[in-house]
Amino acid sequence: MIPSGDVEGTQLNSFGLEELSPEECLSLLSTAPIGRIVFTDNALPAVQPVNFHLDGHSIVIRTSIGSKLAIATRHAVVAFEVDQFDPELRTGWSVTTVGRARAVTDLEEINRLMALPLTAWAPGSRDHYIVVDAEQVSGRRIIDGHGSDGPVAVVWSR
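Residues numbered from 1 in each chain as written. Predicted model: local features only at pLDDT ≥ 70, side-chain atom pairs only at ≥ 80, totals over all residues. Heavy atoms only, no water.

Focus on the overall build of the protein chain
Okay, so step 1: For the protein chain, the helix and strand inventory stands at three helices and twelve strands.
Okay, so step 2: Here the protein chain holds 158 residues, and the buried ones make up 40% of them.
Okay, so step 3: Counting only contacts in the protein chain whose residues sit at least 6 apart along the sequence, the fraction spanning at least 24 positions is 64%.
Okay, so step 4: Carbon and sulfur atoms provide 55% of the accessible area of the protein chain, an area that totals close to 9100 Å². (Helix = DSSP H or I, 4+ residues; strand = E, 2+ residues; numbered from the N terminus. Buried < 20%, exposed > 50% of the residue type's maximum accessible area, 1.4 Å probe, protein only. Contact = heavy atoms within 4.5 Å. Areas by Shrake-Rupley, 256 points an atom, 1.4 Å probe, with all protein chains shown as cover.)

Here it is, written out as structure tokens:
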């Protein structure tokens, strides 16, 4: 296991994972086409993959107004996660944000969001916008998936 501390200019945690700055997290978040929104549905955790657009510090999602996602996320605290991995090199990163989701009802804001490069992948009408303002942002990167004793198992704990 890689010890925590500064290795080659990178701050590693006790699990040997690089801790990412909020700025780097947002930069990585902006490169991902798909993320996972985590919300509560009937008092149980639910995860749904969605395409999205990062608008400053806000995650913008298009959905249909009567969808489970639209109903469950009204004024709710949600998590949003994106990641990218290279199985051959055993490297990758994961970014998680937490914030309050809100339905966009202001016509001026809807018109501004409609101009964003966000086209829903799912079929059907997707004229309802959900915005998640990222209040907490954290991320980890595994730089070297091969420890001195061979491959390592990575736990993405917070």
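A closer look at unusual backbone geometry
Okay, so step 1: In this model, Ala-43 sits at a positive phi of 70°, which is unusual for a non-glycine residue.
Okay, so step 2: Within the element layout of this structure, Ala-43 appears in the loop between β4 (34–41) and β5 (44–51).
Okay, so step 3: Using a relative accessible area of 70% as the deciding quantity, one classes Ala-43 as exposed.
Okay, so step 4: A positive phi angle, close to 55°, is found at Arg-90, a residue other than glycine.
Okay, so step 5: On the secondary structure map, Arg-90 appears in the loop between β8 (77–86) and β9 (91–103).
Okay, so step 6: Looking at Arg-90, the relative accessible area reads 35%, which means it is partly exposed.

Section: the confidence of the model for the protein chain
Residues shown with low pLDDT carry predicted positions that ought not to be read at fine detail.
Okay, so step 1: When pLDDT is averaged across the protein chain, the result is 84; 84% of the residues are at 70 or more.
Okay, so step 2: When pLDDT is averaged over each element of the protein chain, strand β6 (residues 53–55) comes out on top at 96 and strand β1 (residues 5–7) at the bottom at 40.
Okay, so step 3: This model gives residues 1–7 a pLDDT under 50, and the stretch forms 15 contacts once residues within four places in sequence are excluded.
Okay, so step 4: Scored below 50 in pLDDT, residues 148–158 shows 22 contacts in the model against residues more than four places distant or in partner chains. (pLDDT = per-residue confidence, 0-100.)

Quick look at the pairing of strand β7 (residues 58–63)
Okay, so step 1: The element β7 is largely enclosed, with a buried count of five among its six residues.
Okay, so step 2: Note that β6 and β7 share three bridges and pair antiparallel. Its bridge partner being in β7, Asp-55 is matched across the sheet by Ser-58.
Okay, so step 3: The loop that links β6 with its antiparallel partner β7 comprises two residues; one of these, Gly-56, has a positive phi angle of about 70°. (Pairing = 2+ DSSP bridges.)

Observations concerning helix α1 (residues 22–29)
Okay, so step 1: Buried residues of α1: Cys-25, Leu-26, Leu-28 and Leu-29, and no others. The buried residues of α1 occupy an angular sector of 160° when the element is viewed end-on, so they sit on one face.
Okay, so step 2: Where α1 is buried, its residues contact β6, β7, β8, β9 and β10 (128–142). (Arc of directions from axis to C-beta.)

Quick word on the side chain of Asp-41
Okay, so step 1: Along the polypeptide, Asp-41 turns up in strand β4.
Okay, so step 2: Setting aside anything within four residues of it in sequence, one finds Asp-41 in contact with Ala-46 and Lys-68.

Here we look at the pattern of salt bridges
Okay, so step 1: Inspection of every chain in the model, using the stated rule, returns nine salt bridges.
Okay, so step 2: Its salt-bridge partner being Lys-68, residue Asp-41 comes within 3.3 Å of it at the nearest N-O pair. Remark: Lys-68 occurs in helix α2 (residues 68–72) and Asp-41 occurs in strand β4; sequence separation between them is 27 residues.
Okay, so step 3: On the basis of relative accessible area, Lys-68 is assigned to the exposed category, the value being 51%.
Okay, so step 4: Put simply, Glu-18, Glu-24 and Arg-141 are held in one network by salt bridges that share partners. (Salt bridge = Lys/Arg side-chain N within 4 Å of Asp/Glu carboxyl O.)

Describing the side chain of Thr-73
Okay, so step 1: Among the secondary structure elements, Thr-73 is positioned in the loop between α2 and β8.
Okay, so step 2: When sequence neighbours within four positions are dropped, the list of residues in contact with Thr-73 reads Ile-37, Phe-39, Val-78, Ala-101, Arg-102 and Ile-130.

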